[in-house]
Amino acid sequence: MSYFVGSIMALAATIGAANSLYAIVDGRRRELATLRALGFDGVAIVASMLLESIFLALPGALLGALVAWSLFNGSLASPFGTNFRLAVTPSLALLGVAWALGMGVLSGLLPAVRASRVPVTVALRAS
């Protein structure tokens, strides 16, 4: 059940991040067109947008791992009458950071491809 709920939350976060990155791409249309006019190809635009999405996801991933460790490591949980101690290990925190960065890449992929495919003349006319 927790994987199901976690997957839905991850999907919602990825869609929200993609929406934000679409807004970033739309706001920087002229800048990206200028880069294309200077000779940067679509691959370079996609790579720069994906790198930006990773850099946007990294602080949230690290903060999430730190908050999870500080709030839940060593806590006692007792669902349905069964007691167990929660452990946020470094490998588990690293897995969470990796998932968050993967979600950042996935959410940035479509906006990055869209940014690389906008014709230079159309993008330079955008206000």
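Scroll up to find the structure this text is about.
Visitor: Would you take a moment to explain helix 3 (residues 42-72) for this structure?
Guide: Quick reminder: α-helices carry 3.6 residues per turn. Residues three or four places apart thus point the same way. With 31 residues, helix 3 ought to run about 45 Å at 1.5 Å a step, and its terminal C-alpha atoms sit 44 Å apart, in line with that. Along helix 3, the sharpest kink reaches roughly 25°, centred on alanine 57 and followed within four residues by the proline proline 59. Along helix 3, the residues that are buried comprise Ile45, Val46, Met49, Leu50, Ser53, Ala57, Ala61 and Ala65. One or two positions beyond helix 3, positive phi appears at glycine 74, with a value near 85°.

Visitor: So what exactly am I meant to see when it comes to the nonpolar core here?
Guide: Nonpolar side chains in soluble globular proteins tend to end up buried together. Counting residues in hydrophobic clusters, the biggest one holds eight residues: Val25, Leu32, Ile45, Val46, Met49, Leu50, Ala112 and Ala115. For this core, the elements supplying multiple residues, two or more each, are helix 3 and helix 4 (90-117). No other element matches helix 3, which puts four residues into this core. In this structure leucine 32 touches Val25, Ile45, Met49 and Ala115, once residues within four positions along its chain are discounted.

Visitor: Looking at this structure, I do not really get empty space enclosed by the protein. What am I missing?
Guide: Unfilled space is identified by rolling a water-sized probe across the atoms. On inspection of all chains with the given rule, the structure shows one cavity of 30 Å³ or more. Its boundaries defined by the atoms lining it, the largest cavity holds a volume of some 50 Å³. Per-element tally for the lining of the largest cavity: the top contributor is helix 2 (residues 29-37), with four residues. Split by residue class, the lining of the largest cavity holds six nonpolar, no polar and two charged.

Visitor: What is the right way to read the side chain of serine 116 from this model?
Guide: On the secondary structure map, serine 116 appears in helix 4. Given a relative accessible area of 11%, serine 116 falls into the buried group. Here valine 113 takes part through its backbone oxygen, which lies 2.8 Å from a polar atom of the side chain of serine 116.

Visitor: Looking at this model, I keep getting lost on the packing of helix 3 against helix 4. Mind explaining?
Guide: A packed helix pair is summarised by two numbers, namely the angle formed by the two axes and the spacing between the axes. Their axes nearest at 7 Å, the elements helix 3 and helix 4 cross at an angle of 150°. Viewed along their axes, helix 3 and helix 4 adopt a mutual orientation that is roughly antiparallel. Two packed elements cross with a definite hand, and for helix 3 against helix 4 that hand is right-handed. For the pair formed by helix 3 and helix 4, the contact residues are Gly42, Ile45, Val46, Met49, Leu50, Ser53, Ile54, Ala57, Leu58, Ala61, Leu62 and Ala65 on the first element and Ala93, Val97, Ala100, Leu101, Gly104, Val105, Gly108, Leu109, Ala112, Val113, Ala115 and Ser116 on the second.

Visitor: Is there a simple way to explain the pattern of salt bridges in this structure?
Guide: Side chains carrying opposite charge are able to pair once their charged atoms draw close together. Summed over all chains, the structure comprises three salt bridges. Across the pair aspartate 26 and arginine 29 runs a salt bridge, and its minimum N-O distance is 2.5 Å. Here aspartate 26 falls in the partly exposed class, since its relative accessible area comes to 43%. A salt bridge links glutamate 52 to arginine 28; the shortest N-O distance between them is 2.6 Å. With glutamate 52 in helix 3 and arginine 28 in the loop between helix 1 (2-27) and helix 2, the pair connects residues that are 24 residues apart, well separated along the chain. For arginine 28, a relative accessible area of 22% corresponds to the partly exposed category.

Conventions we followed
- Residues numbered from 1 in each chain as written.
- Predicted model: local features only at pLDDT ≥ 70, side-chain atom pairs only at ≥ 80, totals over all residues.
- Heavy atoms only, no water.
- Helix = DSSP H or I, 4+ residues; strand = E, 2+ residues; numbered from the N terminus.
- Expected span 1.5 Å × (residues − 1).
- Bend = angle between axes of the 7 residues up to and from the residue.
- Buried < 20%, exposed > 50% of the residue type's maximum accessible area, 1.4 Å probe, protein only.
- Core = buried A, V, L, I, M, F, W, Y, C linked by side-chain atoms within 4.5 Å.
- Contact = heavy atoms within 4.5 Å.
- 1 Å grid on protein atoms, 1.4 Å probe; cavity = no way out; pocket = protein on both sides within 12 Å on 5 of 7 lines; lining within 4 Å.
- Points joined across faces, edges and corners; volume = space filled by probe spheres on them.
- Nonpolar A, V, L, I, M, F, W, Y, C, P; charged D, E, K, R; others polar.
- Polar contact = N/O pair within 3.5 Å; in protein donor to acceptor, adjacent residues only side chain to side chain.
- Axes fitted to C-alpha atoms, helices over the stretch in contact; angles between N-to-C directions.
- Parallel < 35°, antiparallel > 145°, perpendicular 65-115°, else oblique.
- Left-handed = near helix turned anticlockwise from the far one by under 90°.
- Salt bridge = Lys/Arg side-chain N within 4 Å of Asp/Glu carboxyl O.

Purely geometric numbers; function is a separate question.
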